[in-house]
Amino acid sequence: MTNSIGEIRDADFLFVIGSNTSEAHPIIAMEMKRAVKRGATMVVADPRAIWMSTIAEKHLQLKLGSDVWLLNAMAHVIIEEGLVDQTFIDTHTEGYEAVRDAVAKYTPEEAEKVCGVSAEDIRWTARKYATTEKAGIYYTLGITEHSHGTDNVYALANLVLMTGHLGKPSSGMNPLRGQNNVQGANDAGATPIFLPGYQRVDDPEVHAKYEKSWGVKLDDKPGLNLNEMMKTMGKTIKGVFVMGEDIVLSEPNVSKLEEALNNIEFMVVQEPFLNETTRFADVVFPAAVFAEKEGTFANSERRVQRVRKGVEPPAGARADWEILCDLAKACGADWRFENTAQVYDEMVRDAPKFAGMSHARIDAESHEGKTGLQWPCPTPDHPGTTYLHEGGVLRGKGLFQPVDYRPPMELADEHYELLLSTGRTLYHYNAATQTRRETGLHAKQDRAFVEIHPRDAKMRGIDHGDTVRVSTRRGAIEAHAMVSRQVRKGCLWMPLHFAEARANLLTNDAGDPVTGTAEYKVCAAKVERVGVAKDASTAYPGSDYHVSGPRPGDTDLSTNASA
Ligand SMILES: Nc1nc2c(c(=O)[nH]1)N[C@H]1C(S)=C(S)[C@@H](COP(=O)(O)OP(=O)(O)OC[C@H]3O[C@@H](n4cnc5c(=O)[nH]c(N)nc54)[C@H](O)[C@@H]3O)O[C@H]1N2
Ligand SMILES: Nc1nc2c(c(=O)[nH]1)N[C@H]1C(S)=C(S)[C@@H](COP(=O)(O)OP(=O)(O)OC[C@H]3O[C@@H](n4cnc5c(=O)[nH]c(N)nc54)[C@H](O)[C@@H]3O)O[C@H]1N2
Ligand SMILES: [Mo]
């Protein structure tokens, strides 16, 4: 995120796109509710009706994968109506002309035909965004999990740059991070392109610095991204070490991946629980969970916070870092870390963005009303950074990137006449290795379901609660039909959480050309009834919010109890 979570409450315009914020980021959603209650305007751009759309001024219920049309048309309006921040463009950016030319053909009227959002709503949203001083963009997987995810992000960044909504509070470009420490993992260099602190592996200076500091020879070429790894699994990749990902549940097109895993020579999984993936493992290292260890988590707003051991791990399980250190020693490396504070010191030592942080300092600066430090934090006396690009874009000049619409890899046709999208619900967490062990959450949502529009259901003789088979070119699963206007006509939606009905047997593993992120959000599918509802009268265990009527209290902005 360029900006901070605490700034959301002061925003005057919130553009929430491809983010089911109240279910996936409830704490951030609370700040958004606060802003709306205070009088801020919210626009939600999402193909599904989600809870956030109930408090939005407008819900732009666009067609799956049509975001580039919507966003380019907004840019078109902003330019056409002279609403750009010319001073910001002149001082802080480069490449504006290329975007201006590229969006010329993206008229709101044409956009309406492709994305199904009225030209009037596109104009209104563009004007409101451009002319509101404190206007922020908040996005997540509805933007990124496409074969054109990078294009979507560029299209959003173009809007930020042309309106100058950058380098000031309550504005900017705010991707909301998914897992508790996914930001921290990236910060630490758990990516194929960066060493710690976003220093490129192929930058000769960085390379030399780390070879000297670590006293080893390092590869100076970027490694494979996750998508490339999954595609070379069992071929060039003969051994695999999985840590903290239930790959055969969460990777796309998993039947292909399972086949590949059968050709692996050796597989280690480091895990707190036996899951779908450990079935393929030669060795399982029992790992402690967050509450059983010390360390730090870095969240979406670049805030590094301490994690403390609350309970002892069960016999045999140890913290990930301890297992890794022993493994390194067994391989002949001289790793002498005694605690996580030392590991952290080593991580920040050569990473200028984090150089001012340590466990001791984070501890000392965490007290009533403040917790942790936000990077960049280059020196021990630096206060940390609440929002980025103040007084000038970090890169020097903000780079406009023209993008053209590319459709999703699969579209509906006569064989697979619907579009399937996937995601998560409030009650379960990703692979659900943790949440499905919890009886309360189980009571809230105990079975796999697929949302289908009433018209599509009727045409196929499907009733609410029936068992249906959902198939794509890659596989088929069975789940309960949830007949709901939550999805657009012609669309299906289901969560990824259920091992007995893995959404990822269905999804397309086509990846974005830049990031490799898979197209989890769109593939062609069909659905048919295979069994009658046993008990259609039971409260349906679907999403937290139903279009047929929000639960009592849900639209009451005075309470933060319900997400
Ligand atoms: N309760 C709970 N919370 C979680 C998680 C969980 O499993 N459970 N997982 C965490 C993780 S790892 C992550 S990454 C985040 C993800 O958080 P989100 O990204 O908010 O969650 P998703 O359900 O994947 O999808 C987001 C939204 O994108 C919309 N969408 C789909 N296709 C498109 C499209 O083409 N265009 C647009 N504009 N929107 C589209 C969907 O309708 C959905 O509302 O949640 C985190 N929080
Ligand atoms: N169809 C579809 N598929 C998706 C998505 C989607 O929207 N649709 N979203 C994608 C996204 S954004 C994500 S992030 C992934 C998430 O997918 P995963 O990363 O596979 O799911 P998680 O449940 O977050 O956690 C993975 C594993 O980490 C283990 N774990 C928990 N704590 C620790 C620990 O401290 N140490 C170790 N070693 N292990 C631990 C858990 O038990 C679990 O088995 O799914 C992706 N897959
Ligand atoms: Mo995620």
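Source: prediction; values computed, not measured.

Side note on helix α2 (residues 26-38)
And step 1. Look at α2: 18 Å from first C-alpha to last across 13 residues, which is about the 18 Å you get at 1.5 Å a residue.
And step 2. Ile 28, Ala 29, Glu 31, Met 32, Lys 33, Ala 35 and Val 36 are the residues of α2 that are buried.
And step 3. Elements that come into contact with the buried residues of α2 comprise β1 (13-17), α1 (21-24), β2 (41-45), α3 (51-54) and β5 (135-139).
And step 4. Backbone geometry just after α2 places Gly 39 at a positive phi near 120°.

A word on the site of ligand 1
And step 1. Around ligand 1 lies a shell of 32 residues, among which Ala 24, Asp 46, Asp 67, His 428 and Asn 430 are the nearest.
And step 2. With respect to ligand 1, the backbone of Glu 23 contributes an N or O atom lying 3.2 Å from a nitrogen atom.
And step 3. Between ligand 1 and Thr 425 there is a distance of 2.9 Å, counted from a nitrogen atom to a backbone nitrogen or oxygen.
And step 4. When ligand 1 sits alone it has 920 Å² of accessible area, and the protein chains cover 95% of it.
And step 5. Breaking the shell around ligand 1 down by element, the ones donating at least two residues are α1, α9 (141-144) and β16 (418-423).
And step 6. The residue makeup of the shell around ligand 1, split by class, is ten nonpolar, 16 polar and six charged.

Re the confidence of the model for the chain
And step 1. Here the chain averages 93 in pLDDT, and 95% of its residues register 70 or above.
And step 2. Within the model, pLDDT remains below 50 along residues 547-563, and this stretch shows 32 contacts once partners closer than five positions in the same chain are excluded.

Some details on the domain arrangement of the chain
And step 1. By domain assignment, the chain separates into domain 1 (5-176), domain 2 (182-374) and domain 3 (418-538).
And step 2. When each unit is reduced to the centre of its C-alpha atoms, the spacing between domain 2 and domain 3 is 31 Å.
And step 3. With 18 residues of domain 2 at the interface, the matching set in domain 3 holds 22 residues.
And step 4. Here domain 2 and domain 3 share an interface that buries about 1600 Å² over both sides, 53% of which is from carbon and sulfur atoms.
And step 5. Taken as a group, Leu 249, Asn 253 and Phe 273 account for 36% of the area that domain 2 buries against domain 3, more than any other trio of residues on that side.
And step 6. Here domain 2 and domain 3 share two salt bridges between them.
And step 7. Taking the shortest distance from any N to any O, the salt bridge between Glu 258 and Arg 502 comes out at 2.8 Å.
And step 8. Viewed at the interface, domain 3 and domain 2 are joined by 14 residue pairs in polar contact (both at pLDDT 80 or more).
And step 9. Secondary structure elements with two or more residues in the side of domain 2 that touches domain 3: α13 (226-232), α14 (247-250) and α15 (254-262).
And step 10. Broken down by element, the side of domain 2 that touches domain 3 gets its largest block of residues, four residues, from α15.
And step 11. Looking at the side of domain 2 that touches domain 3 residue by residue, the class counts come to six nonpolar, six polar and six charged.

Describing the nonpolar core
And step 1. Within the largest apolar cluster, 45 residues are counted, with the highest numbers of intra-cluster contacts made by Phe 15, Ile 17, Leu 70, Leu 156 and Met 162.
And step 2. If one sorts the elements of this core by residue count, helix α4 (residues 67-80) sits on top with nine residues.
And step 3. Setting aside residues up to four positions removed in sequence, Leu 70 forms contacts with Ile 17, Ala 45, Leu 60, Leu 62, Cys 115 and Ile 122.
And step 4. Formed by 23 residues, the second largest nonpolar core is a distinct cluster that contains Ile 462, Val 470, Phe 498 and Leu 506.

Notes on the packing of aromatic side chains
And step 1. By the definition in use, this model includes ten aromatic pairs.
And step 2. When the centroid spacing of 6.3 Å and the interplanar angle of 75° are considered together, the rings of Trp 335 and Phe 337 count as edge-to-face.
And step 3. Phe 337 sits in the partly exposed class, given a relative accessible area of 24%.
And step 4. For the ring pair Phe 354 and Trp 375, a centre distance of 5.4 Å and an interplane angle of 70° mean the geometry is edge-to-face. In this pair, Phe 354 sits in the loop between α17 (340-349) and α18 (359-364) while Trp 375 sits in the loop between β14 (373-374) and β15 (398-399), placing the two residues 21 residues apart along the sequence. Both residues of the pair, Phe 354 and Trp 375, belong to the buried class.
And step 5. Taken together through their ring pairs, the aromatic side chains of Phe 194, Tyr 198, Phe 354 and Trp 375 make up a single cluster.
And step 6. Over the ring of Trp 51 we find Lys 33; its NZ or CZ atom is 4.8 Å from the centre of that ring.
And step 7. The aromatic ring of Tyr 416 is capped on one face by Lys 526, whose charged end is 5.1 Å from the ring centroid.

Here we look at the sheet that holds strand β10 (residues 266-271)
And step 1. Spatially, the three strands line up as an open sheet ordered β9-β10-β11, and their pairing is parallel. Of all the strands in the sheet, the pair left with one neighbour each is β9 (239-243) and β11 (283-286). When strand polarity is set aside, the average angle formed by the axes of neighbouring strands in this sheet is 15°.
And step 2. Strands β9, β10 and β11 of the sheet are contacted by helix α16 (residues 320-330), whose axis makes an angle of about 155° with β9.

Concerning the site of ligand 2
And step 1. Near ligand 2, the surroundings consist of 30 residues, among which Gln 179, Ser 250, Glu 271, Lys 293 and Asp 320 are the closest.
And step 2. Within the complex, 88% of the 910 Å² of free accessible area of ligand 2 lies under protein.
And step 3. Mapped by element, the contributors of at least two residues to the shell around ligand 2 are β10 and β16.
And step 4. Grouping the amino acids of the shell around ligand 2 by side-chain chemistry returns ten nonpolar, twelve polar and eight charged.
And step 5. Counting residues domain by domain, the shell around ligand 2 receives three or more from each of domain 2 (182-374) and domain 3 (418-538).

Scoring rules and cut-offs
Residues numbered from 1 in each chain as written. Chains lettered and ligands numbered in written order. Predicted model: local features only at pLDDT ≥ 70, side-chain atom pairs only at ≥ 80, totals over all residues. Heavy atoms only, no water. Helix = DSSP H or I, 4+ residues; strand = E, 2+ residues; numbered from the N terminus. Expected span 1.5 Å × (residues − 1). Buried < 20%, exposed > 50% of the residue type's maximum accessible area, 1.4 Å probe, protein only. Contact = heavy atoms within 4.5 Å. Near = heavy atom within 4 Å. Polar contact = N/O pair within 3.5 Å; in protein donor to acceptor, adjacent residues only side chain to side chain. Areas by Shrake-Rupley, 256 points an atom, 1.4 Å probe, with all protein chains shown as cover. Nonpolar A, V, L, I, M, F, W, Y, C, P; charged D, E, K, R; others polar. pLDDT = per-residue confidence, 0-100. Domains from an automatic or database assignment. Buried area = accessible area lost by both parts, 1.4 Å probe. Salt bridge = Lys/Arg side-chain N within 4 Å of Asp/Glu carboxyl O. Core = buried A, V, L, I, M, F, W, Y, C linked by side-chain atoms within 4.5 Å. Phe/Tyr/Trp six-rings, centres within 6.5 Å; stacked < 30°, edge-to-face > 60°. Lys NZ or Arg CZ within 6 Å of the ring centre and 35° of its normal. Pairing = 2+ DSSP bridges. Axes fitted to C-alpha atoms, helices over the stretch in contact; angles between N-to-C directions.

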